[in-house]
Amino acid sequence: MTQYKVAIVGAGPAGYFAAQALQNAQSDERTFAIDMIERLPTPWGLVRSGVAPDHPKIKTVSKVFEKIATAGNFRLFGNIELGTDIQLSEIQAKYDAVIIATGTSLGRKLGIPGEELAGYLSAADFVPWYNAHPDYTAVNVPLDTDTAVVIGAGNVAMDVARMLALDPSELDPTDTAEHAIAELKKSNIRKVYICARRGAEHAAFTSPELRDLPKLEHTNVIIHKSDIDAAITAAGDTPEKDVKNNLDAMLAIAEHEKTNHARTMEFLFHHVPTEIKGTAGVQEVVFKTPNGEKTIKCGLVISAIGYEAHPLDGITYEKGKVVNNEGRVKENIYVVGWAKRGPSGVIGTNKSDAAAVIELLISDLQTPKNSGDINDLISAHKVITQTHWEAINTAEVSSGEPLGKPRVKVVDKSELLRLGGL
Ligand code: NAP
């Protein structure tokens, strides 16, 4: 029996699915000792700090993660940051393989004038703010305006627009950050535009998310039928299945009876942003449209146009991703998930992606290293182990129970460590 040591950096979906693929590849001849390193005191990555809180079903995948974490041969090392607390080269020397699963946490830039203005932010900052990520509590989200503009036509843009346009009382039974619920309850925003630069036939939304929109109880969702008719024509007689499903879902919204709700979410297509204008802060966005230039007055602009990886020392990046060959990076380093392929696909996409990389990793394995492990590098550090995390998890879930919430997330890192028993 040969045991190999594998370090996974990043405790998000891609990291857990890589661990699962390693567990599934164990045999009578080969086992893996898996150490997962995470810079936050809490695991689960985007399932905790990305998935919209009003979509709790998507988060049930965390049960799979916990099963992986407790299946044996798995240790969590939370509150340990690669590049700060430990170095990649040190981990590389101690493990047979290192898997980078650190995702893409930086918002892509629009590259137009005005992005520096207060009141312009990226979904990469807004989403973790409402999801109680400890590093994003201080994000300034001006909600004292009647109109917000969301740029992008993907599911993140839809999440962002929905969070701004729904009645905040709908967030009471969710695990939205307490600070965000408080701010959203004071919000003056009543009109949210979601602006796509191309036609509806090119939108990156997925149809289940579109079909959920008419279920919003206090928000009027507006899609212009003329936009969808034009998109149906442009898509031709044999559109791809996803495009057809999307257009069907959008047509249903367009034909849905309008309500008198004070809050509105309106989709605009063929709106290419060219400039964000304002003096002290955002005042308007200028768009190029098929009918000429158009300006929308607003006090908040959020772009949701994709993400790029936050670079790690010792790793080469190109176009926001780790340079890799089907997951092989260099030497004994591999990459999975969004850091590997860019920000695309749903959580489950990471399962097959990770399994394919683990196959390559296994085919590369050589004589196992006998050189200790991460514990030799972090002796003085406060580590959140699986047991500590389970204590945090139980505490959060318990404080949510009397409030009818799945949990109340703790945002303060030292409080998280205290709840963990450290
Ligand atoms: P995405 O699906 O790639 O959408 C990005 C959008 O930004 C596209 O509409 C793109 O338009 C637009 N865009 C890019 N550059 C632009 C620019 N310079 N100006 C204006 N628009 C621009 O990315 P995402 O929304 O960040 O989502 C990432 C992944 O997570 C997706 O696979 C998504 O489905 C998934 N996700 C899933 C869920 C869910 O299942 N509920 C929730 C959230 C996210 P073009 O097509 O014209 O480039």
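Here the structure is a predicted model, which is why all the values come from computation and not from measurement. By convention here, each chain's residues receive numbers from 1 onward along its written sequence. Totals for whole chains, interfaces and linings use all residues, but because this is a predicted model, local features are given only for residues with pLDDT of at least 70 and pairs of side-chain atoms are given and counted only at 80 or more. The basis for every side-chain value is the complete set of non-hydrogen atoms in the structure, without hydrogens or water.

Visitor: What is the right way to read the pairing of strand E8 (residues 191-195) from this model?
Guide: Strand residues, when the strand is regular, have side chains that alternate between the two faces of the sheet. In terms of burial, E8 is a largely internal element, 5 of the 5 residues being buried. Side chains Lys191, Tyr193 and Cys195 project from E8 onto one buried face, and the interleaved Val192 and Ile194 project onto a second face that is buried too. Relative to strand E10 (residues 263-268), E8 runs parallel, the two being bridged by 5 bridges. Note on E10: the bridge partner recorded for Ile194 is Phe267. Per-residue accessibility, obtained with a 1.4 Å probe over protein chains only, is compared with the maximum for each type, and a residue is labelled buried under 20%, exposed over 50%, and partly exposed between these values. For the purposes of this entry, the term helix denotes a DSSP run of H or I that reaches at least four residues, the term strand denotes a run of E that reaches at least two, and both are numbered from the N terminus. A pair of strands is treated as paired once DSSP finds two or more bridges between them.

Visitor: Explain the packing of aromatic side chains to me, please; I cannot follow it from the model alone.
Guide: Each aromatic ring pair is described using two quantities: the centre-to-centre distance and the angle formed by the ring planes. The criterion for an aromatic pair is that two Phe, Tyr or Trp rings (for Trp, the six-membered ring) have centres within 6.5 Å, with stacked assigned to planes under 30 degrees apart, edge-to-face to planes over 60 apart and tilted to the rest. Counting across every chain of the model gives 10 aromatic pairs. Measuring from centroid to centroid gives 5.1 Å for Trp44 and Trp389, while their planes differ by 80°, and the two rings are edge-to-face. With Trp44 in the loop between strand E2 (30-38) and helix H2 (46-49) and Trp389 in helix H13 (residues 386-400), the pair connects residues that are 345 residues apart, well separated along the chain. In this structure, Trp44 and Trp389 share a single accessibility class: buried. Linked through ring pairs, Tyr16, Phe17, Phe65 and Phe74 together constitute an aromatic cluster.

Visitor: Explanation requested: helix H1 (residues 13-24) in the structure shown.
Guide: Structurally, the α-helix is built with 3.6 residues per turn, so residues lying three or four positions apart point the same way. End to end, H1 covers 16 Å across 12 residues, agreeing with the expected 16 Å (1.5 Å per residue, within 8%). When you tally the buried positions in H1, you get 11 out of 12 residues, the bulk of the element. Under the convention used throughout, the expected extent of a helix is 1.5 Å for every residue step, that is, one less than its residue count.

Visitor: Got a minute to help me understand helix H10 (residues 241-255) in this structure?
Guide: Between the first and last C-alpha of H10 there are 21 Å, a value that for 15 residues agrees with the 21 Å anticipated at 1.5 Å per step. All buried positions along H10 are accounted for by Asn246, Leu247, Ala249, Met250, Leu251, Ile253 and Ala254. We call two residues in contact whenever any of their non-hydrogen atoms come within 4.5 Å of each other. Among the structural elements, helix H8 (207-212), strand E9 (219-222) and helix H9 (225-235) are those in contact with the buried residues of H10.

Visitor: Hey, could you run me through the packing of H1 against helix H3 (residues 62-69) in this one?
Guide: To describe two helices that pack against each other, one gives the angle between their axes and the distance between the axes. For helices, the fitted line uses only the C-alpha atoms of the stretch in contact; every axis is such a line through C-alpha atoms, and the angle between N-to-C directions lies from 0 to 180 degrees. It is the contact of H1 with H3, at a shortest axis distance of 10 Å, that shows an interaxial angle of 45°. As judged from the angle between their axes, H1 and H3 are oblique. As H1 packs across H3, the resulting crossing turns out to be left-handed. Between H1 and H3, the contacting residues are Pro13, Tyr16, Phe17, Ala19, Gln20 and Gln23 on the first element and Val64, Phe65, Glu66, Ile68 and Ala69 on the second. Throughout, the ten residues Ala, Val, Leu, Ile, Met, Phe, Trp, Tyr, Cys and Pro are labelled nonpolar, Asp, Glu, Lys and Arg are labelled charged, and all others, Gly among them, are labelled polar. Residues that form the contact of H1 with H3 fall into these classes: 8 nonpolar, 2 polar and 1 charged. Should an angle fall under 35 degrees it is taken as roughly parallel, and over 145 as roughly antiparallel, whereas 65 to 115 is taken as roughly perpendicular and any remaining angle as oblique. Each helix crossing is assigned a hand: it is left-handed if the near helix lies turned anticlockwise from the far helix by less than a right angle, otherwise right-handed if that turn is clockwise.

The values reported here are purely geometric and, on their own, carry no functional implication.
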